[in-house]
Amino acid sequence: MGGLGLLLISVLVISRRKSLLPAFAVVTTGCLLSSGAVANAWTFEGTVGQAKAKTSLPASKQNASVVLVDDEDTSWSLGAYYNLTRNWQMGLRYIDLGQGRVELTANTTTPNDIHSDLSRYVPILPNGIAAEIGYRFIPSESLSSTLFLGAYHHQYKTQSEMTGGAMLKYKETDTRPYAGVSVGYAVYENTELLLKYTY
């Protein structure tokens, strides 16, 4: 190899229990519940779905080769919403987007420098709290749709390891906006099944 060293970087995002957010897309299915005494004021939501982070290796880093990119994971959320009017609602959600991972290789004579340079290239799938406001369309008793905007406050950790080298760790906090749409179908008087897309 002419004196060049082979560098293997394995980056693992650890966002469990601690968490512009790189763009993410989430498709979820869930259940929206309201109970008799508070049906006109509060609704509660739980979702499970698939999250995907939007990442790409910067042009200046093209001397590195991508071995593996895992930028999708199972996501879930829990939310409570207060109905301001028949159509307007606001609420809080806890959102966990899962974890991401990437492995890179590169030929270099300065492995520590390139490790530091590439260690933040990772799909970010954090968890945190979101504040949300939405407008609900109710075309019929059994069908509804909601357009919503939110702000996602999250903390995430990244952990980067190099073959035969030191481990680098980062922790960051951020708040980013998001938007989305959901469609609900009433299966019982106070229960809806949801299909939800968030970006």
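Located above this text is the structure these notes cover.
Residues numbered from 1 in each chain as written. Predicted model: local features only at pLDDT ≥ 70, side-chain atom pairs only at ≥ 80, totals over all residues. Heavy atoms only, no water.

K.L.:
Hey, could you run me through the overall build of the chain in this one?
P.N.:
Within the chain one finds 1 helix and 11 strands. Order of helices (α) and strands (β) in the chain, N terminus to C terminus: β-β-β-β-β-β-β-α-β-β-β-β. Taking all 199 residues of the chain together, the buried fraction comes to 41%. (Helix = DSSP H or I, 4+ residues; strand = E, 2+ residues; numbered from the N terminus. Buried < 20%, exposed > 50% of the residue type's maximum accessible area, 1.4 Å probe, protein only.)

K.L.:
How do you make sense of the environment of Phe44 when you look at a structure like this?
P.N.:
Considering the arrangement of structural elements, one finds Phe44 in strand 3 (residues 42–53). The spatial distance from the C-alpha of Phe44 to the C-alpha of Arg93 is 9.7 Å, given a sequence separation of 49 residues.

K.L.:
Mind showing me how you'd approach helix 1 (residues 111–118) here?
P.N.:
Residue pairs three or four apart in sequence face the same way in an α-helix, which turns once every 3.6 residues. Those residues of helix 1 that fall on the buried side of the exposure criterion are Ile114, His115 and Leu118. For helix 1, the arc enclosing every buried residue in end-on projection is 105°, short of the 170-degree limit, so these residues lie on one face. Across from the buried face of helix 1, at angles greater than 90 degrees, the exposed residues are Asn112 and Asp113. (Arc of directions from axis to C-beta.)

K.L.:
Help me out: how do you make sense of empty space enclosed by the protein in this one?
P.N.:
In this approach the atoms are scanned with a rolling probe the size of a water molecule, which exposes any empty space left behind. Its boundaries defined by the atoms lining it, the largest cavity holds a volume of some 110 Å³. Forming the boundary of the largest cavity are 14 residues, of which Glu45, Gln89, Thr146, Ser182 and Lys196 lie nearest the centre. Looking at the lining of the largest cavity, its residues break down into 4 nonpolar, 5 polar and 5 charged. (1 Å grid on protein atoms, 1.4 Å probe; cavity = no way out; pocket = protein on both sides within 12 Å on 5 of 7 lines; lining within 4 Å. Points joined across faces, edges and corners; volume = space filled by probe spheres on them. Nonpolar A, V, L, I, M, F, W, Y, C, P; charged D, E, K, R; others polar.)

K.L.:
Explain the nonpolar core here, please?
P.N.:
Nonpolar side chains in soluble globular proteins tend to end up buried together. Counting 10 residues, the largest nonpolar core is built from Ala64, Val102, Leu104, Ala106, Ile114, Leu118, Tyr121, Val122, Ile124 and Tyr156. Of all hydrophobic cores here, the second largest spans 9 residues; its members include Ala51, Ala53, Leu97 and Phe148. (Core = buried A, V, L, I, M, F, W, Y, C linked by side-chain atoms within 4.5 Å.)

K.L.:
Could you clarify how one ought to interpret the packing of aromatic side chains in this entry?
P.N.:
Aromatic ring pairs are reported here in terms of the distance separating the ring centres and the angle at which the planes meet. A complete count under the given rule lists 5 aromatic pairs for this structure. Ring plane angle 70° and centroid distance 4.9 Å describe the contact between Trp88 and Tyr135, whose orientation is recorded as edge-to-face. Here Tyr135 lies in strand 8 (residues 127–137) and Trp88 lies in strand 6 (residues 88–96), a separation of 47 residues in the sequence. A relative accessible area of 42% places Trp88 in the partly exposed class. (Phe/Tyr/Trp six-rings, centres within 6.5 Å; stacked < 30°, edge-to-face > 60°.)

K.L.:
Whenever I open this one, the pattern of salt bridges confuses me. Can you help?
P.N.:
All chains considered together, the criterion is met by 9 salt bridges. Between Asp71 and Lys52 there is a salt bridge, and its shortest N-O distance comes to 3.2 Å. Pair noted here: Asp71 is in the loop between strand 4 (65–70) and strand 5 (72–83) and Lys52 is in strand 3, with a separation of 19 residues, a long-range link. Residue class for Asp71 comes out buried when judged on its relative accessible area of 13%. Take Lys52: its relative accessible area is 38%, and that puts it in the partly exposed class. The shortest N-O distance in the salt bridge between Glu72 and Lys52 comes to 3.7 Å. (Salt bridge = Lys/Arg side-chain N within 4 Å of Asp/Glu carboxyl O.)

K.L.:
I tried to follow the environment of Leu147 on my own but got confused; where do I start?
P.N.:
Among the structural elements, Leu147 can be located in strand 9 (residues 143–162). When its relative accessible area of 47% is taken as the criterion, Leu147 is described as partly exposed. Distance in space between the C-alpha atoms of Leu147 and Ile133 is 8.6 Å, their sequence separation being 14 residues. Each residue touching Leu147, except ones within four places of it in the same chain, is listed here: Ile133, Gly134, Tyr135, Phe137, Gly180 and Val181. (Contact = heavy atoms within 4.5 Å.)

K.L.:
I keep staring at the side chain of Asp96 and nothing clicks. Help me out?
P.N.:
One can find Asp96 in strand 6. In terms of polar contacts, Asp96 uses its side chain to reach the backbone amide nitrogen of Gly98, at 2.9 Å. (Polar contact = N/O pair within 3.5 Å; in protein donor to acceptor, adjacent residues only side chain to side chain.)

K.L.:
Help me understand the environment of Val67, please; the structure alone is not making it clear to me.
P.N.:
Looking at the element boundaries, Val67 is found in strand 4. Taking the C-alpha atoms as reference, Val67 lies 5.4 Å from Leu104; in sequence the two are 37 residues apart. If sequence neighbours within four positions are ignored, Val67 has contacts with Glu103, Leu104 and Thr105.

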